[in-house]
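Overview (structure and organization)
One letter stands for each residue in the lines below.
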Amino acid sequence: MADIAALATTLDGIELSTDRALLRQKSRDFYWYSPILKAQLDGKAAELFVRPRDEAEVLRILAAARTARVPVTVRGGGTGNYGQCVPMEGGIVLDMTAMTAPIGITDGVVEVEAGAKMIDLDLWARERGWELKLWPSTKRTATIGGFVAGGGAGVGGIHHGTMRERGNFCGARIATMTDPPCILDLEGIAANPVNRTYGTTGVLTRIRVPLTPAQDWRDVAIAFPDFVQASRFALEFSFADGIPKKMCGVFDSQLPPFFRGLADAVPAGHALALVMVAPGALLALRELAAEHGGSIVAMQSTVEAERDGDATPFYEYCWNHTTLQVLKKDRGVTYLQCRFPFEDTLAAVEAVRIPFRDEVWMHTECVRFGGRLTMSALPVIRWTNAERLAEIMATFEAQGIGIANPHVLTIEEGSNYRRVPGDQLGFKQRTDPLGLLNPGKMRDFTPVDVPGEAA
Ligand SMILES: Cc1cc2nc3c(=O)[nH]c(=O)nc-3n(C[C@H](O)[C@H](O)[C@H](O)COP(=O)(O)OP(=O)(O)OC[C@H]3O[C@@H](n4cnc5c(N)ncnc54)[C@H](O)[C@@H]3O)c2cc1C
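Here, residues in each chain are numbered from 1, in the same order as that chain's written sequence. Where local features are concerned, this predicted model is filtered to residues with pLDDT of at least 70; where side-chain atom pairs are given and counted, the filter is 80 or more; whole-chain, interface and lining totals use all residues. Heavy atoms from the whole structure form the basis of all side-chain values; hydrogens and water molecules are not counted.

In the annotation of an unreviewed UniProt entry, the protein chain is listed under the name FAD-binding oxidoreductase and assigned to Falsiroseomonas frigidaquae.

This is the structure:
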């Protein structure tokens, strides 16, 4: 057992706490979406909370933790879904939310401290004529460091793909768990080993991501008599190169009644498409929607909704917010993450939607992977038990649908099509040979035998 009290005394001047209520709160994320993870993770907690203000403090914390052989789990906004920032072996929870400063924009690439909230970063960029290419639907609470280390898909994916696409993540500064800890500056593909590795390969202190010229996006809700019409519209909209767009989600008719701000606007039994589109393309959008039997039932400015505490930007009904909107009213559901084939996409969606219609409520998002567009999905699933969930996943896979299983803890088991290429394991052996960074999340890692040190 490490002496946490003794360790804390070496961190004089750094914000820290051993308050048990705070530790419990800062040791959780949204793993409870999964009844399987909930059973595994409830009750796990760190023993010391630390909140560094700068890289020097991060290095001091890592040095003290390394000396005492205490694990360190990094935390941003704590909105991850797979227990990614739950400290499996206690130790330190290292909260990055005091490191938020934008450093600057060079050639359309922003450099920022990793604890910046994505909403703040986007608004800061917007004042300078730019916006983020990609953000999660948790933009108002998630940090950029957490998005790089734990997320990587979401709004903007219809045009820019995911964070694993070459060019969407330019580089990072990281603090290592070496002896002594040090700062590495990683550029281009050299930064892949810290992309979506759940904070197991280094503490991101600064991030560099490309921006795109800002648009005054409009949120538009379009109701359709049925799901197939909505999906055909969505695919044609996604492929329409003349329409600048940021998002397109499709929801089967069971879901809109759970969307507080939209439920009254969507006729009963109708499917829904939610899109973000540039104002200059509204005419083209209206025409396309009408051709597919859709009617626009609500519209607002995305940025105004983001700034208004009472309004809901439509992306907060999309991506993994769909599941949350349902969970607010019905705790008996969970979800899946999947990617449909690039060819005959809608046929594959229908092949699983129809047979499971009573227990799988289909929700798809249009997104590009490697330059090809398809639908990914976060369907809401009526929870029965783990065996039934496994049967549903197996049926999806038999139809050629990829599953990134959100009911498992490790990068290797959960990532599937979301895994970033690169030698992440080899990199961890160099940056965290003792395995103290977020232990339990990189399945294939075993501590390296460092001469003169017991792991
Ligand atoms: C309602 C809801 C909707 C969501 N929608 C999306 C979505 O659209 N797209 C998406 O990709 N995800 C989504 N997520 C998951 C999550 O919100 C995102 O991945 C988000 O970007 C995580 O950011 P965070 O700051 O909350 O990270 P955290 O949850 O705090 O951390 C996530 C992981 O990153 C690590 N980490 C955090 N900061 C650092 C750092 N500075 N250095 C090293 N490691 C670090 C943590 O250890 C952890 O493993 C959703 C989750 C919820 C609950």
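**Comments concerning the pairing of strand β5 (residues 102-106)**
Rules: Any two strands with at least two DSSP bridges between them are considered paired. By definition, any uninterrupted DSSP run of H or I lasting at least four residues is a helix, any uninterrupted run of E lasting at least two residues is a strand, and each is numbered from the N terminus.
As defined by bridge partners, β5 adjoins strand β6 (residues 109-113) across 4 bridges and the pair is classed as antiparallel. By the bridge assignment for β6, glycine 104 is matched with glutamate 111. Two successive antiparallel strands, β5 and β6, enclose a turn made up of 2 residues, where aspartate 107 displays a positive phi of approximately 50°.

**A look at the packing of helix α8 (residues 227-239) against helix α9 (residues 282-291)**
Threshold: Axis lines are fitted through C-alpha atoms, for helices just across the contact stretch, and the angle between N-to-C directions can take any value from 0 to 180 degrees. Two helices cross in a left-handed way if the nearer one is turned anticlockwise from the farther one by less than a right angle. They cross in a right-handed way if the turn is clockwise. Contact criterion: two residues are considered in contact whenever any of their non-hydrogen atoms come within 4.5 Å of each other.
One can describe the packing of α8 onto α9 by two numbers: an axis separation of 9 Å at closest approach and a directional angle of 145°. In the crossing of α8 with α9, the sense of the turn from one axis to the other is right-handed. Across the interface between the two elements, Phe233, Glu236 and Phe237 of α8 pack against Leu285, Leu288, Ala289 and Glu291 of α9.

**Examining the sheet that holds strand β1 (residues 15-17)**
In spatial order, the strands read β1-β2-β4-β3; together these 4 strands make up an open sheet with mixed pairing. Single-partner strands in this sheet number two, and they are β1 and β3 (72-75). The average undirected angle you get between the axes of adjacent strands in this sheet is 20°. Here 3 bridges tie strand β2 (residues 48-51) to strand β4 (residues 92-95), and the two strands are oriented parallel to one another.

**A word on the site of the ligand**
The condition is simple: For this purpose, a residue is taken to be near a molecule or strand whenever a single non-hydrogen atom of the residue falls within 4 Å of it. Any pair of N or O atoms that falls within 3.5 Å is considered a polar contact. Within protein, one atom must be able to donate a hydrogen and the other to accept it, and sequence-neighbouring residues count only if both atoms are side-chain atoms. A 1.4 Å probe and the Shrake-Rupley method give the accessible areas. Residues count as covered only by the protein chains that appear here. Side-chain classes are defined by residue name, with Ala, Val, Leu, Ile, Met, Phe, Trp, Tyr, Cys and Pro counting as nonpolar, Asp, Glu, Lys and Arg as charged, and the others, Gly among them, as polar. Bear in mind that the domain bounds are from an automatic or database domain assignment.
Taken together, 39 residues form the shell around the ligand, and within it Val74, Gly76, Thr79, Thr143 and Ala153 come nearest. Threonine 79 is positioned such that a nitrogen or oxygen atom in its side chain is 2.5 Å from an oxygen atom of the ligand. At 3.4 Å, a backbone N or O of phenylalanine 147 approaches an oxygen atom of the ligand. When the free accessible area of the ligand is taken as 970 Å², the share hidden by the protein chains comes to 98%. Going through the elements one at a time, β3, α6 (144-150), β10 (203-213) and α11 (321-327) are the ones with two or more residues in the shell around the ligand. The element best represented in the shell around the ligand is α6, accounting for 5 residues. Taken together, the residues of the shell around the ligand sort by class into 16 nonpolar, 21 polar and 2 charged. Two domains each put at least three residues into the shell around the ligand: domain 1 (102-213) and domain 2 (218-411).

**Brief notes about the UniProt feature "domain: FAD-binding PCMH-type" (unreviewed entry) in the protein chain**
What counts here: UniProt positions are given in the numbering used here, feature names are shortened, and annotations may be inferred rather than shown by experiment.
With numbering aligned to this structure, UniProt lists the feature "domain: FAD-binding PCMH-type" (unreviewed entry) at residues 41-214. Structurally, residues 41-214 is divided into 20% helix and 26% strand, and its ends, taken at the C-alpha atoms, are 40 Å apart.

**Notes on α9**
As a reminder of what qualifies: Any residue under 20% of the maximum accessible area for its type is buried, any over 50% is exposed, and the rest in between are partly exposed; the area is computed with a 1.4 Å probe on protein chains only. Throughout, the arc means that of the directions going from the helix axis to the C-beta atoms.
Listing the buried residues of α9 in full gives Leu282, Leu285, Leu288 and Ala289. Each buried residue of α9 lies within a common arc of 125° when the element is viewed along its axis, so the set occupies one face. Exposed and oriented more than 90 degrees from the buried face of α9 are Leu283, Ala290 and Glu291. Next to the buried residues of α9 lie β11 (218-224), α8, β13 (271-277) and β14 (295-301). Once α9 finishes, glycine 293 follows within two positions and takes phi at roughly 80°, a positive value.

**Some thoughts on unusual backbone geometry**
The omega torsion across aspartate 179 and proline 180 is -5°, close enough to zero to call that bond cis. Within the fold, proline 180 resides in the loop between β8 (171-175) and β9 (183-187). Positive phi is not limited to glycine here, since aspartate 107 has a value of about 50°. Along the polypeptide, aspartate 107 turns up in the loop between β5 and β6. The exposed category is assigned to aspartate 107, whose relative accessible area is 78%. Here tryptophan 319, not a glycine, exhibits a phi torsion of approximately 45°, which is positive. Structurally, tryptophan 319 is set in the loop between α10 (302-307) and α11. In this structure tryptophan 319 comes out as buried when scored by relative accessible area, which is 8%.

**Examining the pairing of β8**
Counting buried residues along β8, 4 of its 5 residues qualify, which places the element largely inside the surrounding structure. In the sheet, β8 pairs with β9 via 5 bridges, with the strands oriented antiparallel. Bridge pairing in β9 places isoleucine 174 opposite leucine 184. Inspection of the sheet shows β8 paired to β10 by 5 bridges, in the antiparallel sense. Across the sheet, the residue bridging to glycine 171 is arginine 208, located in β10.

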